[in-house]
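As a plain string of letters, each chain reads:
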Amino acid sequence: MSLLIRRVRTPENPEQDTDILIEDGTISAVGADLDAPGAQVLDGTGLMAAPGLLDMHVHFREPGFEYKETIETGCEAAARGGVTAVACMANTDPVIDTPEMVELVLEKAGNANGVHVLPVAAVTCGQKGKELTDAAALREAGAVALSDDGVPLQNAALMRQALLQSDGLPILCHCEDADMVGDTAVNEGKVSEKLGMPGRPAVAEEVMAMRDAMLAEETGGHVHICHVSTARTVEIVRQYKKKGVNITCETCPHYFTLTEEALLELDSMAKVNPPLRTEEDMRAVAAGLADGTIDAIVTDHAPHSAEEKAKPLAEAPSGISGLETSLAIALTELYHSGIMTLKQVLDAMTVNPARVLNLPEPALKAGCRGDVVLFDPDEEWTVDPGEFASKGKNTPFAGLEVKGRVHGTVADGKVLYRYKI
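Residues numbered from 1 in each chain as written. Predicted model: local features only at pLDDT ≥ 70, side-chain atom pairs only at ≥ 80, totals over all residues. Heavy atoms only, no water.

Engineer: Would you mind going over the sheet that holds strand β3 (residues 26-31) with me for this structure?
Structural biologist: Two orientations exist for strands paired in a sheet by backbone hydrogen bonds: parallel and antiparallel. Taken in spatial order, the four strands of this open sheet run β3-β2-β1-β4, and their pairing is mixed. Edge positions in the sheet fall to β3 and β4 (40-43), since each has one partner strand and no second. Averaged over all pairs of adjacent strands, the angle between strand axes in this sheet comes to 20°, irrespective of strand direction. (Pairing = 2+ DSSP bridges. Helix = DSSP H or I, 4+ residues; strand = E, 2+ residues; numbered from the N terminus. Axes fitted to C-alpha atoms, helices over the stretch in contact; angles between N-to-C directions.)

Engineer: Where do I start with the pairing of strand β6 (residues 53-58) in this structure?
Structural biologist: As a general feature of sheets, a regular strand has side chains that alternate between the two faces. Of all six residues that make up β6, six are buried, and the element is covered over most of its length. In terms of strand pairing, β6 meets strand β7 (residues 83-88) through four bridges, oriented parallel. Note on β7: the bridge partner recorded for aspartate 55 is valine 86. Taking the sense of rotation as the criterion, the β-α-β connection linking β6, helix α1 (residues 71-80) and β7 turns out right-handed. (Buried < 20%, exposed > 50% of the residue type's maximum accessible area, 1.4 Å probe, protein only. Right-handed = clockwise from strand over helix to strand, strands pointing away.)

Engineer: How should I be thinking about the nonpolar core in this particular structure?
Structural biologist: Soluble globular proteins tend to bury their nonpolar side chains together. Val86, Ile225, Phe256, Leu334 and Phe375 are the most contacted members of the largest nonpolar core, which totals 117 residues. Ranked by the residues each element gives to this core, the list is headed by helix α12 (residues 326-335), at six residues. The contact partners of leucine 334, leaving out residues within four places of it in the chain, are Phe256, Ala286, Leu289, Ile297, Ile329, Ile339, Met340 and Val345. By size, the runner-up hydrophobic cluster in this structure holds 14 residues, among which are Val8, Ile22, Val372 and Val410. (Core = buried A, V, L, I, M, F, W, Y, C linked by side-chain atoms within 4.5 Å. Contact = heavy atoms within 4.5 Å.)

Engineer: Looking at this structure, how should I read helix α10 (residues 279-290)?
Structural biologist: One full turn of an α-helix is made of 3.6 residues, so residues set three or four places apart face in the same direction. The end-to-end C-alpha distance of α10, which contains 12 residues, comes to 17 Å, matching closely the 16 Å that a straight helix rising 1.5 Å per residue would cover. Of all the residues in α10, the buried ones are Asp281, Met282, Ala284, Val285, Ala286, Gly288 and Leu289. Structurally, α10 contributes buried residues whose contacts are with α8 (231-242), β14 (247-251), β15 (296-297) and α12. The first or second residue beyond α10 is glycine 292, which carries a positive phi of 90°. (Expected span 1.5 Å × (residues − 1).)

Engineer: Please clarify how a nonpolar patch on the surface should be interpreted in this entry.
Structural biologist: Residues Met180, Val203 and Val207 make up a contiguous nonpolar surface patch of about 210 Å² in total accessible area. With respect to the secondary-structure elements, methionine 180 resides in helix α5 (residues 178-181). (Patch = residues over 30% accessible without salt bridge, like charges linked within 9 Å, V, L, I, M, F, W, Y side chains within 5 Å. Areas by Shrake-Rupley, 256 points an atom, 1.4 Å probe, with all protein chains shown as cover. Salt bridge = Lys/Arg side-chain N within 4 Å of Asp/Glu carboxyl O.)

Engineer: Can you walk me through the packing of α12 against helix α13 (residues 342-349) in this structure?
Structural biologist: Helix packing geometry: the angle between the two helix axes and the distance between the axes. At a minimum axis separation of 10 Å, α12 and α13 run at an interaxial angle of 145°. The two elements α12 and α13 meet at a crossing, and its hand is right-handed. Residue-level inspection shows Ser326, Leu327, Ala330, Leu331, Leu334 and Tyr335 of α12 in contact with α13, the latter providing Leu342, Val345, Leu346 and Met349. (Left-handed = near helix turned anticlockwise from the far one by under 90°.)

Engineer: What should I look at first to understand the packing of helix α4 (residues 156-164) against helix α7 (residues 202-219) in this one?
Structural biologist: As a packed pair, α4 and α7 sit with axes 10 Å apart at the nearest point and diverge in direction by 40°. If you check the angle between α4 and α7, you find them oblique. As α4 runs across α7, the sense of the crossing is right-handed. Note on element contacts: α7 touches α4 through Arg211, Asp212, Leu215, Ala216, Glu218 and Thr219, opposite Ala156, Met159, Arg160, Leu163 and Leu164. Within the contact of α4 with α7, the residues separate by chemical class into six nonpolar, one polar and four charged. (Parallel < 35°, antiparallel > 145°, perpendicular 65-115°, else oblique. Nonpolar A, V, L, I, M, F, W, Y, C, P; charged D, E, K, R; others polar.)

Engineer: Please explain the pattern of salt bridges as it appears in this structure.
Structural biologist: When the charged atoms of two side chains with opposite charge come close together, those side chains can pair. Summed over the entire model, instances satisfying the criterion amount to 20 salt bridges. Ionic pairing is found between glutamate 62 and lysine 108, a salt bridge with its closest N-O pair at 3.3 Å. Taken together, the residues glutamate 62 in the loop between β6 and α1 and lysine 108 in helix α2 (residues 99-110) connect sequence positions 46 residues apart. Under the relative-accessibility criterion, glutamate 62 is labelled buried at 12%. Taking the relative accessible area as the measure of exposure, lysine 108 reaches 35% and is therefore partly exposed.

Engineer: Sorry, what's going on with the environment of histidine 116 here?
Structural biologist: If you trace the backbone, histidine 116 turns up in strand β8 (residues 116-121). Sequence separation between histidine 116 and leucine 54 is 62 residues, and the spatial gap between their C-alpha atoms is 9.1 Å. Among the polar contacts made by the side chain of histidine 116, one reaches the side chain of aspartate 371 at a distance of 3.0 Å. (Polar contact = N/O pair within 3.5 Å; in protein donor to acceptor, adjacent residues only side chain to side chain.)

Engineer: Even after reading the chapter, I still don't get the state of the cysteines, so can you show me in this structure?
Structural biologist: Defined simply, a disulfide is a covalent bond joining two cysteines at their sulfur atoms. The final tally for this structure, using the stated rule, is zero disulfides. Summary of cysteine pairing: cysteine 88 is not part of a disulfide, and the nearest cysteine sulfur, belonging to cysteine 75, is at 6.9 Å. Of the residues examined, cysteine 88 reaches a relative accessible area of 6% and is grouped as buried. Unpaired in terms of disulfides, cysteine 249 finds its nearest cysteine sulfur in cysteine 226, a separation of 9.8 Å. Residue class for cysteine 249 comes out buried when judged on its relative accessible area of 0%. (Disulfide = S-S within 2.5 Å.)

What follows is the structure, given as structure tokens:
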């Protein structure tokens, strides 16, 4: 089966139309006026093309919490956001902590729409922080990383051992000291005081980030810090990268777009873990993306039911449903604001996460996988969670005017989503 994408432009050649021919799931040619008799044709006139996005941090909830999301509905949401590959976290029920559970996720993904699902397996059995999983066996089964995300690995000795026994897999770390944060929902500061709620201090993230950076330096293992939210965490990563330590990190659109003040207006819709921080932190996160300290933009896609998010702030679960808005928000806040170039934004959502996960580098070149997103970087639209394919409609961006719209998503040469093309 062949697919010919006609008359698109790329960040490298924004003034020149080009065609992309995909045959048997692989890009076979890129150039002007390609001829492909019998191929399916997708007209991309006026659109920008890039490798399909890779979101290396999502929660698809299956098995165990299918009322929030399934692998199938999560993949549909991904396709609408231009995402052709996702790394699914292990905090399901049961936890993804055995080769059999990794294989189950891959089997479920095979019945979805064609988005590539990359399982992340737990660091410890049951995410209980007591006994390490078998990294080599999990890798053999198809896991691309290890993570107890959502449950910080408190035991430093066990974290050190995990890095020594990771079998080359990166360990994706939720860096927060659980004893400091307790069950609080709001950044410690003026907003927590205004709400009369106990605060979640920034230092809880920073002290764990420093610990894991030091352990990466000592062991040579690969630490990847998830959802960076504070200025000091950005600086810790920056300094350890300068020392040549094997450390990478990510952040999410809400951390370079919103501050703790959003909780006063949006209540639980702005409740995330770690929490939204200060204006200074938000600016530092954006600067960290611009200078390459922060490698990847991810969503931490965390869908919940409407009933759960309607609970009082202290009781509602943390999380945002983000797959369908991530590119638009990144373009709006980072590209159109002049903080980053278009290529920098796209690299943070494609090339860089692939490098973190030791995957082949995506590119619009012959021989590369036929995963492509087509988008208009300038089209304006309004976020409407009622139109989400995800079961989770929980977003603080409802009603937001954004600039940049996905018009087509292709994975392995198969058209997964199209909008007005």
